Amino acid sequence: MQIIAFVLVIYGGFFFRAPLGKDILPPLEAPEGSYSITELPENAIAWAPGDEPAFDFYPPGAACRFNPGGGLFKACIVHMLSENLTWQTPIRYLSIYILVFVVFAFLFGRAWCGWVCPLGTMGDVLNGLRRRLHVDRVSFSPAFRGGLRIGAYSILVPTLAISWLIGTPRYAEFQCYWFLPYCQICPARILCPFFGLRSSTLADFTNGVTSFFTVTSWIVLGLFAAAFLLGRRIWCHLCPIGLVNSWFNRGSVTELRKDTLKCNQCGACADSCPMGLDNVAREKENVVLNQPGCVMCMRCVESCPRDDCLRLTFFGKTILRSKYRETR
Amino acid sequence: MSTGEDGDISGRYPLPRIGVPGGAAAEERELQEAALASLGRRPGRLPGLSCFEDMLRSPADALADGPVIGVFCNFFPEELIEAAGGVPVRLCTASVVAESVSEQVLPRDVCPIARASFGAVAGGLGVASKAQAVVVPTACDAKRRLGEMLLDYVPVVTLSIPPRKDHRSELSYWVPELERVARRLSRVTGTAVTRARLREAILHRRTVQDAFHDLENARRDHPHVLAGSDLALVVATSFAANWEAWGQATRRLAEQVRAAGPAHPQPDGFLPLVMTGAPILWPAWKLYHVIEDAGASVVTDTLCSVTQRLCDPVQVDDWSRSGMMRAHRRGVVS
C-alpha cells in the first residue's frame, strides 16, 4: 500500500492531470499587491522545478512541491503555511485549503505519515535494508523522543516566523534567499526530484545564506538516512510536517482501540512500534490510543497475538483487528 | 559447597548426598497410574488423550536427541536451550515421592513445588535424572533458594528476572542477561547459540504453540467436550516431550474436539470456571477432581503450568540477534 501511495504521490501529476483537464481548486498564487518577489534569481536558491500537481490540495504528509512532472497533491502543509505567510495571503483565500487539510487530517490522523508520506516510504525501504542485513536497530529513550518533538517545534516556529518576516516590506529584500526556509533543508526537496530523473540543486555557495542552506541540507539528508537506517521512524518525531499532523491525531475518526482486559502486556506491540512508543502495551484504562506520535502504521495490531485486543476503527467501524497468526 | 559462575548465584553451605528409597520409582509409577486411571473413568473422554497418557508414562523415551537441560518456571524461554543444541525439559513437579525425598535436606515449611522439584533433581527421579544442567529463573524467593541448593547436585544456570515488569529500564537489563545465559548454556551443551539457530528454535517452538492455540480455539467453541483436567494433562506432557509428536497429537485432539462438539451439546447446569493462582502440577490433580466431581469445569485459567505455558508466542519484529532476544520478554518485561 505504501508503494502504491508513493507512486501516486510522486507521479500522480502524470496519471491524473491530463484526464482532469482543469483544476478542482484554483492554485494558490501570490495575491496582487503582495510584497512577494516572485521571480527568484536564477542562481540563488534553485531547485528542480515542480510542474503542476493533479490536485491543488495540501494534504497531511510530505507531498513535495518539487516533484518532477507534478505530484498528486500540491505540497505539504509547512510549504503552504510558509509560502502564504510570505505572500501575506488573506485568510479568505486560504480558508478552503486549510479546511481541506483539516478534514483530511481528522479523517486519517497521522496515517498520512505512516502510509502516504513519500519520505516515510523511502525511510521504510532503508529500514527494510537493515532488517534484511539482520542488524539490530538503535533504541531511543522516551526522553530523547520527547526532545525530538521539541526539536520539531524548534524547526516549525522559526520557519513560520522567517516566512512571515520576509513578507513584510522591511525584510522583503531577503525573500530571494530565505523563501520557503524549511524546504531548503528538507530531504524531500532533494530526494523527490530524483524519481523524475531530475536533479535538484545540491550545492550552492553563492553567498553565506545559500552556503548555509547547502551544508545544512547535506547534514539533514545524512541524518535522515541514518535515522531511518538505524532508528526506524525516529525521524518522524523531528519532522515538522508530522508535528502539524500530530495535532489532529487525537480526535481523528481513525482510531487505534485497545481492549485492555484482553492485554497481558506481553510487549509485542511495543517491540514492533517503529516510532518506539510503548504506550499501547502499557495502557490499562483508555480505550482509544491515538497518541500524537503514532503514525498508525498498524504494526502493533499486526504483531499483537491476542484476538481482538487491538483494533483500527474508522468512524467506529473495525477495519483491522489483532489476532493470533499461525507461523505456517 | 559449590559456587556459581559468570553471574550465577552461589551456594551458601554444603549439602549432603541424598539417598533415594529403593521403591521410590515404583511408588511414583503407581501414583501416576492411579491418577491416570481416575481420569480415565470419566465418561465421554476423547480417544486422542490416550497418546498423551503414554507420553506421561515414559517421558524420557519421547525426548529428542541431545543434552537434556532442566528448566524451572515458565519465565525461562526454552527456545534458548534448543538454540544451544539442548533438549529443554520443564522439571517443576508436585510428586509426593520427590517431595518426601527432599525432606532429607529441606524443612517442611518450604514451598511444596520447590521442595518436590528439588527432590526430583537431587534424588535423580524420573526424567530429572537425565538433566545435565538446570536453569533456575529467580522468579520468586523459593526458586532462588532452589538454585542455590541444587548447585551441589547439578550445574545450575541462573536467570535473573527483573523485579518490575513495567519499568522501561528493565529491558536494557533483560537482553544482556539472556545473552549471558545463552553463553552459559553453550558451555554446557558445547553448541554456540547463533542467530540462525535461535531463529530456527523460535519458529520450531511457534509450531508447538500454534497447535496449542488450535486446541484452545476448538475448546473455546466447545468448552464442555474437553475437561479442564484433560487440558492440564495435555500441557503437563509438554514438560518433557518431543515437540513434533506433541504438536501432531494436539492437532488431532483439536480436530476431535471440533468433531465431538456438535454431537455433544453442553449439558444443562454446566458451570464454567476460571482457575487462577499457584500452578497445579502433575500428578496433583486433586483440585480438578473436586471441581469436576461437583459438576463444574475449568474452562480457562491463568496458571503457568497450563494455559500460560504456551499461550504467549515469541513475537519477533526484528530477526537480528538482539531483536530475537528482546522478543523473549513475554510477560517478563512489557
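Structure's up top.
Residues numbered from 1 in each chain as written. Chains lettered and ligands numbered in written order. Predicted model: local features only at pLDDT ≥ 70, side-chain atom pairs only at ≥ 80, totals over all residues. Heavy atoms only, no water.

## With respect to the overall build of chain B
On a plain count of helices and strands, chain B comes out with 14 helices and six strands. Relative to the compact-globule value of 20 Å for 334 residues, chain B shows a C-alpha radius of gyration of 20 Å, a close match. Across its three principal axes, chain B shows a C-alpha extent of roughly 60 × 50 × 35 Å. For chain B, with 334 residues in total, the buried portion stands at 57%. Residue pairs in contact within chain B that sit at least 24 positions apart in sequence constitute 72% of those at least 6 positions apart. Accessible surface for chain B amounts to roughly 13,400 Å². Of this, 53% is attributable to carbon and sulfur atoms. Mean positive and mean negative side-chain charge positions of chain B (37 and 39 charges, respectively) differ by 4 Å. (Helix = DSSP H or I, 4+ residues; strand = E, 2+ residues; numbered from the N terminus. Rg over C-alpha atoms; globule rule 2.2 N^0.38 Å. Buried < 20%, exposed > 50% of the residue type's maximum accessible area, 1.4 Å probe, protein only. Contact = heavy atoms within 4.5 Å. Areas by Shrake-Rupley, 256 points an atom, 1.4 Å probe, with all protein chains shown as cover. Lys, Arg positive; Asp, Glu negative; His and termini not counted. Charge placed at Lys NZ, Arg CZ, Asp CG, Glu CD.)

## Regarding the overall build of chain A
A count of helices and strands for chain A gives 14 helices and three strands. By the burial criterion, 52% of the 328 residues in chain A qualify as buried. When the accessible surface of chain A is summed, it comes to about 14,800 Å², and 66% of that surface belongs to carbon and sulfur atoms.

## Description of the side chain of Ser117(B)
Residue and element names in this part refer to chain B. Residue placement: Ser 117 occurs in helix 6 (residues 112-122). Of the residues examined, Ser 117 reaches a relative accessible area of 1% and is grouped as buried. If we skip the residues at most four places from it in the chain, Ser 117 touches Phe 72, Leu 91, Cys 92, Thr 93 and Leu 146.

## A few points about the sheet that holds strand 1 (residues 68-71) of chain B
Residue and element names in this part refer to chain B. The four strands are arranged 2-1-3-4 in an open sheet whose pairing can be described as parallel. Lying at the two open borders of the sheet, with one neighbouring strand each, are strand 2 (87-90) and strand 4 (156-159). The average angle at which neighbouring strand axes cross in this sheet is 25°, direction not considered. Note that strand 3 (residues 131-137) and strand 4 share four bridges and pair parallel. Looking across to strand 4, one finds that Val 136 is bridged to Thr 158. (Pairing = 2+ DSSP bridges. Axes fitted to C-alpha atoms, helices over the stretch in contact; angles between N-to-C directions.)

## Some words on the interface of chain A and chain B
If you look at the interface, chain A gives 29 residues, while chain B gives 32 residues. Each partner contributes to the roughly 2,500 Å² buried at the junction of chain A and chain B, and carbon and sulfur atoms together form 38% of this total. Remark: the boundary between chain A and chain B carries ten salt bridges. Scanning the region where chain A abuts chain B turns up 14 residue pairs in polar contact (both at pLDDT 80 or more). Elements that contribute at least two residues to the side of chain A that touches chain B include exactly helix 5 (118-132), helix 12 (268-272) and helix 14 (299-303) of chain A. Looking at the side of chain A that touches chain B element by element, the count peaks at four residues for helix 12 of chain A. (Buried area = accessible area lost by both parts, 1.4 Å probe. Salt bridge = Lys/Arg side-chain N within 4 Å of Asp/Glu carboxyl O. Polar contact = N/O pair within 3.5 Å; in protein donor to acceptor, adjacent residues only side chain to side chain.)

## Observations regarding the side chain of Arg130(A)
Residue position: Arg130(A) is located in helix 5. Within the local environment of Arg130(A), its side chain forms a polar contact with the side chain of Asn127(A), the two groups lying 2.7 Å apart. The residues touching Arg130(A), leaving out its near neighbours within four places in the chain, are Val135(A), Asp136(A), Arg137(A), Leu229(A), Leu230(A), Arg232(A) and Asp318(B).

## Concerning the sheet that holds strand 3 (residues 317-321) of chain A
Residue and element names in this part refer to chain A. One open sheet accounts for three strands, arranged 1-2-3; its pairing is antiparallel. Every other strand in the sheet has two partners, leaving strand 1 (254-258) and strand 3 as the edge strands with one partner each. Going across the sheet, the axis of each strand differs from the next one's by a mean of 30°, ignoring polarity. Across four bridges, the pairing between strand 2 (residues 310-314) and strand 3 is antiparallel. Residue pairing across strands places Leu 312 opposite Leu 320, the latter belonging to strand 3.

## Topic: empty space enclosed by the protein
Residue and element names in this part refer to chain A. One pass over the structure, following the stated rule, counts nine cavities of 30 Å³ or more. The calculated volume of the largest cavity comes to roughly 130 Å³. Lining of the largest cavity is provided by 18 residues; of these, Cys 273, Leu 277, Val 280, Cys 294 and Cys 300 occupy positions nearest its centre. Mapped by element, the contributors of at least two residues to the lining of the largest cavity are helix 12, helix 13 (279-282) and helix 14. (1 Å grid on protein atoms, 1.4 Å probe; cavity = no way out; pocket = protein on both sides within 12 Å on 5 of 7 lines; lining within 4 Å. Points joined across faces, edges and corners; volume = space filled by probe spheres on them.)

## A look at a nonpolar patch on the surface
Residue and element names in this part refer to chain A. On the surface, a nonpolar cluster with roughly 740 Å² of combined accessible area is contributed by Phe 194, Phe 195, Leu 202, Phe 205, Val 215, Trp 218, Ile 219 and Leu 223. Looking at the element boundaries, Leu 202 is found in the loop between helix 9 (187-191) and helix 10 (208-231). Its relative accessible area of 37% is what places Leu 202 among the partly exposed residues. (Patch = residues over 30% accessible without salt bridge, like charges linked within 9 Å, V, L, I, M, F, W, Y side chains within 5 Å.)

## What about helix 1 (residues 24-40) of chain B?
Residue and element names in this part refer to chain B. When the terminal C-alpha atoms of helix 1 are compared, their 24 Å separation across 17 residues agrees well with the 24 Å that a helix rising 1.5 Å per residue should span. For helix 1, the full list of buried residues reads Ala 24, Gln 32, Ala 35, Leu 36, Ser 38 and Leu 39. Looking down the long axis of helix 1, one finds its buried residues gathered within 160° of arc, a one-sided arrangement. The exposed set on the far side of helix 1, more than 90 degrees from its buried face, consists of Arg 29 and Glu 30. The elements touched by buried residues of helix 1 are helix 2 (50-57), helix 5 (96-102), helix 10 (228-237) and helix 12 (286-293). (Expected span 1.5 Å × (residues − 1). Arc of directions from axis to C-beta.)

## A look at the state of the cysteines
All names here are of chain A. Inspection of the entire model under this criterion finds zero disulfides over all chains. Cysteine Cys 236 is unpaired, with the sulfur of Cys 113 as its nearest cysteine sulfur at 6.4 Å. With no disulfide partner, Cys 297 has as its closest neighbouring cysteine sulfur the one in Cys 273, 6.0 Å distant. Since its relative accessible area comes to 18%, Cys 297 is described here as buried. (Disulfide = S-S within 2.5 Å.)

## Focus on the pairing of strand 2 of chain A
Residues and elements named next belong to chain A. Where strand 1 meets strand 2, five bridges bridge the pair, whose relative direction is antiparallel. In the sheet register, Arg 257 faces strand 2, and the bridge partner there is Arg 311. Counted along the chain from strand 2 to the antiparallel partner strand 3, the turn is two residues long, and its residue Phe 315 has a positive phi close to 55°.

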